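Below, each chain spelled out in residue letters.
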Amino acid sequence: MATYLVTGAAGFVGSHLSERLLEQGDAVRGVDAFTDYYDRSVKEANLAKLRDTAGFELHEADLAETVLEPLLEGVDGVFHLAAQPGVRGSWGATFAIYAKDNLVATQRLFEAAARIGKRVVFASSSSVYGDAETYPTTEDLRPKPVSPYGVTKLTCEHLARVYGSSFGLDVIGLRYFTVYGPRQRPDMAFTRIAKALANGGRFTVLGTGGQSRDFTYVDDAVAATLLSMEEGAAGAVYNVGGGTEATLSQIIKLGERLSGRSLEIVKEPAAAGDVKRTSADTGRIRRDTGWMPKIPLEAGFFEQLAWAGAL
Ligand SMILES: NC(=O)c1ccc[n+]([C@@H]2O[C@H](COP(=O)([O-])OP(=O)(O)OC[C@H]3O[C@@H](n4cnc5c(N)ncnc54)[C@H](O)[C@@H]3O)[C@@H](O)[C@H]2O)c1
């Protein structure tokens, strides 16, 4: 049995990862600051099953400020998922939050983890690519983020590199491509579509609806994260993409078909920082860890619609 520190354990991906670790017999020391990016009650619901499971403990603390050594003591590895997510809110005065929760928090964690000599697997993002020049996009393409959020995630990758080269930090960055499934964050499109289908509300499309994403079911993202801890190459950056690309309009149609309900669509201009397309080449993580996404888009979205009460 191993003990892992999971940062952002009350969040969408962090809570799923923590559940999976406990299921496989490991212990989880979760840490979360319960930032107000979305409501605390949602995060408490994410934690409900974890709080009832032996081997789980939660520390409410801000990684940008708290003393990290006690959190890291005795752990076998660190999964660093805590962050201020979301592209659209990263402009303007709120960039200060991104700078604190993504840059300062990550730099402090890398510094402390380098001292104890344990592996860190951390969440980067497909947002580092911006509007990529080639698709499917490989990790070798020079990243050119088009949002301040993407800039913070790329900076985390550079921090990982310099803590690796100067202090021997064993660290792996995962460029998650739009993760979805039950408990997905309330600001993300699948959850907004599913809730609108469940409640008979409207859904606002920003832009044409032709923007497409490579969608990754949360169980597949969690599997990639665990395999990276076990098998990944120190210093690597990996694309984690589900391999099922679809446009927003196609997702809306799929949600309507699966639920047997229809949505009222409102159109508004595209948001600054939103890319037109993402598509992951996942050859590198497949070669190094054997990871393959398993859940097709339709099956995964069905699970999310069921969770949202839209079926
Ligand atoms: N969900 C996606 O599609 C997606 C895609 C690409 C990258 N990512 C990255 O994956 C990670 C998890 O994303 P998510 O969707 O689960 O987000 P989430 O917001 O649900 O979870 C992040 C958690 O981190 C916590 N947190 C933030 N700042 C903190 C701090 N300073 N100290 C302690 N806790 C803090 C928040 O309270 C939150 O519970 C994030 O790093 C995100 O940027 C997610």
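To keep things clear, this report deals only with the structure shown in the data block. (Residues numbered from 1 in each chain as written. Predicted model: local features only at pLDDT ≥ 70, side-chain atom pairs only at ≥ 80, totals over all residues. Heavy atoms only, no water.)

1. Remarks on the overall build of the chain
Phase 1 of the analysis: Each helix and strand in the chain was counted, giving ten helices and twelve strands.
Phase 2 of the analysis: In terms of overall dimensions, the chain is globule-like: its C-alpha atoms have a radius of gyration of 18 Å, near the 19 Å expected for 311 residues.
Phase 3 of the analysis: Overall, the chain is about 55 × 45 × 40 Å in size when its C-alpha atoms are taken along their principal axes.
Phase 4 of the analysis: Of all 311 residues assigned to the chain, the portion counted as buried reaches 55%.
Phase 5 of the analysis: Counting contacts in the chain only where the partners sit at least 6 residues apart, residues at least 24 apart contribute 83% of the total. (Helix = DSSP H or I, 4+ residues; strand = E, 2+ residues; numbered from the N terminus. Rg over C-alpha atoms; globule rule 2.2 N^0.38 Å. Buried < 20%, exposed > 50% of the residue type's maximum accessible area, 1.4 Å probe, protein only. Contact = heavy atoms within 4.5 Å.)

2. A few points about empty space enclosed by the protein
Phase 1 of the analysis: Counted according to the given criterion, the structure contains one cavity of 30 Å³ or more.
Phase 2 of the analysis: Volume-wise, the largest cavity comes out at about 30 Å³.
Phase 3 of the analysis: Every residue lining the largest cavity is listed: His 80, Ala 82, Ala 83, Asn 102, Thr 106, Phe 122, Ala 123, Lys 153 and Cys 156.
Phase 4 of the analysis: Listed by contribution, the elements that provide at least two residues to the lining of the largest cavity are helix 4 (95–116), strand 5 (119–125) and helix 5 (148–167).
Phase 5 of the analysis: In the lining of the largest cavity, the residues fall into five nonpolar, three polar and one charged. (1 Å grid on protein atoms, 1.4 Å probe; cavity = no way out; pocket = protein on both sides within 12 Å on 5 of 7 lines; lining within 4 Å. Points joined across faces, edges and corners; volume = space filled by probe spheres on them. Nonpolar A, V, L, I, M, F, W, Y, C, P; charged D, E, K, R; others polar.)

3. Thoughts on unusual backbone geometry
Phase 1 of the analysis: Cis rather than trans, the peptide bond between Tyr 135 and Pro 136 has omega equal to -15 degrees.
Phase 2 of the analysis: Locating Pro 136 in the fold gives a position in the loop between strand 5 and helix 5.
Phase 3 of the analysis: With a phi close to 50 degrees, Phe 34 is a non-glycine residue in the positive phi region.
Phase 4 of the analysis: Backbone geometry places Arg 183, a non-glycine residue, at a positive phi of 75 degrees.
Phase 5 of the analysis: Here Arg 183 is to be found in the loop between strand 7 (179–180) and helix 6 (189–199).
Phase 6 of the analysis: For Arg 183, a relative accessible area of 15% puts it in the buried group.

4. Examining the pattern of salt bridges
Phase 1 of the analysis: Using the criterion set out here, one finds 22 salt bridges in the structure.
Phase 2 of the analysis: Here Arg 183 makes a salt bridge to Glu 19, at a shortest N to O gap of 3.2 Å. With Arg 183 in the loop between strand 7 and helix 6 and Glu 19 in helix 1 (residues 12–23), the pair connects residues that are 164 residues apart, well separated along the chain. Neither Arg 183 nor Glu 19 differs from the other in exposure class; each is buried.
Phase 3 of the analysis: Where Asp 170 meets Arg 119, a salt bridge forms, and the shortest distance between an N and an O atom there is 2.8 Å. Linking Asp 170 in the loop between helix 5 and strand 6 (171–176) with Arg 119 in strand 5, this pair joins segments that are 51 residues apart in sequence.
Phase 4 of the analysis: The exposure class of Asp 170 is partly exposed, given its relative accessible area of 23%.
Phase 5 of the analysis: Linked through salt bridges whose partners overlap, the residues forming this network are Glu 19, Arg 20, Glu 23, Lys 49 and Arg 183. (Salt bridge = Lys/Arg side-chain N within 4 Å of Asp/Glu carboxyl O.)

5. Considering helix 1
Phase 1 of the analysis: In a regular helix each residue adds 1.5 Å, so twelve residues correspond to 16 Å; helix 1 covers 17 Å between its end C-alpha atoms and thus fits that length.
Phase 2 of the analysis: Judged by how many residues are buried, helix 1 sits mostly within the fold: ten of twelve residues are covered.
Phase 3 of the analysis: Three or more residues of helix 1 are buried, namely Phe 12, Val 13, Gly 14, Ser 15, His 16, Leu 17, Ser 18, Glu 19, Leu 21 and Leu 22. (Expected span 1.5 Å × (residues − 1).)

6. Remarks on the nonpolar core
Phase 1 of the analysis: Counting 57 residues, the largest nonpolar core has Phe 79, Tyr 176 and Ile 193 as the members making the most contacts within it.
Phase 2 of the analysis: Each residue touching Phe 79, except ones within four places of it in the same chain, is listed here: Tyr 4, Leu 5, Val 6, Thr 7, Leu 17, Leu 21, Val 121, Thr 225, Leu 226 and Met 229.
Phase 3 of the analysis: Residues Leu 5, Leu 109, Val 120 and Phe 122 belong to the second largest nonpolar core, which totals 25 residues. (Core = buried A, V, L, I, M, F, W, Y, C linked by side-chain atoms within 4.5 Å.)

7. Some remarks on the sheet that holds strand 7
Phase 1 of the analysis: Pairing is mixed across the open sheet formed by three strands, whose spatial order is 7-9-11. Edge positions in the sheet fall to strand 7 and strand 11 (244–247), since each of these pairs with one other strand and no more.
Phase 2 of the analysis: The pairing of strand 9 (residues 212–217) with strand 11 spans four bridges and is classified as antiparallel. Bridge pairing in strand 11 links Ser 212 to Thr 247. (Pairing = 2+ DSSP bridges.)

8. Things to note about the packing of helix 6 against helix 10 (residues 297–307)
Phase 1 of the analysis: Two numbers describe how helix 6 lies on helix 10: the axes approach to 9 Å, and their chain directions differ by 55 degrees. With respect to helix 10, the axis of helix 6 lies oblique. Handedness of the helix 6/helix 10 crossing: right-handed. Here Phe 190, Thr 191, Ile 193, Ala 194, Lys 195 and Leu 197 of helix 6 lie close against helix 10, whose contacting residues are Leu 297, Phe 301, Gln 304, Leu 305 and Trp 307.
Phase 2 of the analysis: Grouping the constituent residues of the contact of helix 6 with helix 10 by class yields eight nonpolar, two polar and one charged. (Axes fitted to C-alpha atoms, helices over the stretch in contact; angles between N-to-C directions. Parallel < 35°, antiparallel > 145°, perpendicular 65-115°, else oblique. Left-handed = near helix turned anticlockwise from the far one by under 90°.)

9. Topic: the site of the ligand
Phase 1 of the analysis: In the neighbourhood of the ligand, 29 residues make up the surrounding shell, with Val 13, Asp 32, Tyr 38, Tyr 149 and Val 179 lying closest.
Phase 2 of the analysis: Between the ligand and Asp 32 there is a distance of 2.6 Å, counted from an oxygen atom to a side-chain nitrogen or oxygen.
Phase 3 of the analysis: Between Asp 101 and the ligand, the recorded distance is 2.9 Å, taken from a side-chain N or O atom to a nitrogen atom.
Phase 4 of the analysis: Residue assignment for the shell around the ligand shows that the elements contributing at least two residues are helix 1, strand 5 and helix 5.
Phase 5 of the analysis: A per-element tally of the shell around the ligand places strand 5 first, with three residues.
Phase 6 of the analysis: When grouped by side-chain class, the residues that make up the shell around the ligand number 17 nonpolar, six polar and six charged. (Near = heavy atom within 4 Å. Polar contact = N/O pair within 3.5 Å; in protein donor to acceptor, adjacent residues only side chain to side chain.)

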